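Remarks on the overall topology
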Amino acid sequence: MPRLCIFCGAHPGRNGVFLDAAARAARAIVAAGFGVVYGGGRVGLMGTIAEAAIEAGGEVIGVIPEALATEEVAHSGITRLHIVQSMHERKALMADLSDGFLALPGGFGTMEEFHEILTWRQLGIHDKPIGLLNVDNYYDNLLALYDRMESEGFIRSQTRRLFISSADIDELLVSMRSIIT
Ligand code: AMP
């Protein structure tokens, strides 16, 4: 079964639209036949993704560093929980276990994970699909910044196209699926 690695907020966000979108995305991911790899937490959108995917009967693998794996944050109901030593080890294992990557709304952690995996693709370290779920236009300003980066010559146009963004989870999943070898 192909697996998607989900990057998303450890906070729920103020607007309920984000939690709803995360639950809907998790159900769509399971219905599309993907397993879920994620940061292992039970907080924020991460927790919602895990709960909704488990409820939908999906496979959910968490990868969490020891320092974060306290009872409050590690999700106990998931298929498998890998406890690793460091954030670097965690990101490497999440990438190894996954066939594609999908970012939902989140903060610095989500951005760091998304940009690292995008940079690795830019460098040819992997060729797995990367998606950005633009819930409620959350990432519009980021997408505008990427356009500026391209027009100012800091990223090439083919680099700008190394990820797919959409507000529609089903559209994203179909596109990502078609790229998975
Ligand atoms: P942020 O976007 O800053 O909320 O960070 C969320 C991302 O960082 C997630 O995709 C996780 O991989 C990681 N992360 C942040 N906080 C936690 C936590 N308490 N437990 C597990 N992972 C976390």
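Please refer to the structure higher up on the page.
A brief look at the structure comes next. The model shown is predicted, which means the values in this text are computed figures rather than measured ones. (Residues numbered from 1 in each chain as written. Predicted model: local features only at pLDDT ≥ 70, side-chain atom pairs only at ≥ 80, totals over all residues. Heavy atoms only, no water.)

Glancing now at the layout of surface pockets. Counted as a void, the largest pocket has a volume near 500 Å³. Lining the largest pocket are 31 residues, with Cys8, Gly9, Ala10, Met46 and Thr110 sitting closest to its centre. Those elements that provide at least two residues to the lining of the largest pocket are β1 (3-7), α2 (44-55), α3 (87-97) and α4 (108-122). The greatest single-element share of the lining of the largest pocket, amounting to 5 residues, is contributed by α4. Here the residues of the lining of the largest pocket sort into 18 nonpolar, 9 polar and 4 charged. Approximately 170 Å³ is the volume found for the second largest pocket. Taken together, His115, Leu118, Thr119, Gln122, Tyr146, Met149, Ile155, Thr159, Arg160 and Phe163 form the lining of the second largest pocket. Broken down by element, the lining of the second largest pocket gets its largest block of residues, 4 residues, from α4. (1 Å grid on protein atoms, 1.4 Å probe; cavity = no way out; pocket = protein on both sides within 12 Å on 5 of 7 lines; lining within 4 Å. Points joined across faces, edges and corners; volume = space filled by probe spheres on them. Helix = DSSP H or I, 4+ residues; strand = E, 2+ residues; numbered from the N terminus. Nonpolar A, V, L, I, M, F, W, Y, C, P; charged D, E, K, R; others polar.)

What follows deals with the site of the ligand. Around the ligand lies a shell of 18 residues, among which Ala10, Arg90, Gly107, Thr110 and Glu113 are the nearest. Measuring from an oxygen atom of the ligand, one finds a backbone N or O atom of Ala10 at 2.7 Å. Comparing atom positions with the cavity grids shows the ligand to sit within the largest pocket. For the shell around the ligand, the element with the highest residue contribution is α4, accounting for 4 residues. Of the residues belonging to the shell around the ligand, the class tally is 9 nonpolar, 7 polar and 2 charged. (Near = heavy atom within 4 Å. Polar contact = N/O pair within 3.5 Å; in protein donor to acceptor, adjacent residues only side chain to side chain. Sits in = over half its atoms within 2 Å of the grid points.)

Turning our attention to empty space enclosed by the protein. The full count for this structure, using the stated rule, is 1 cavity of 30 Å³ or more. Its volume calculated, the largest cavity comes out at about 40 Å³. Lining the largest cavity are Phe7, Lys91, Met94, Ala95, Glu113, Glu116 and Ile117. Taken together, the elements giving at least two residues each to the lining of the largest cavity come down to α3 and α4.

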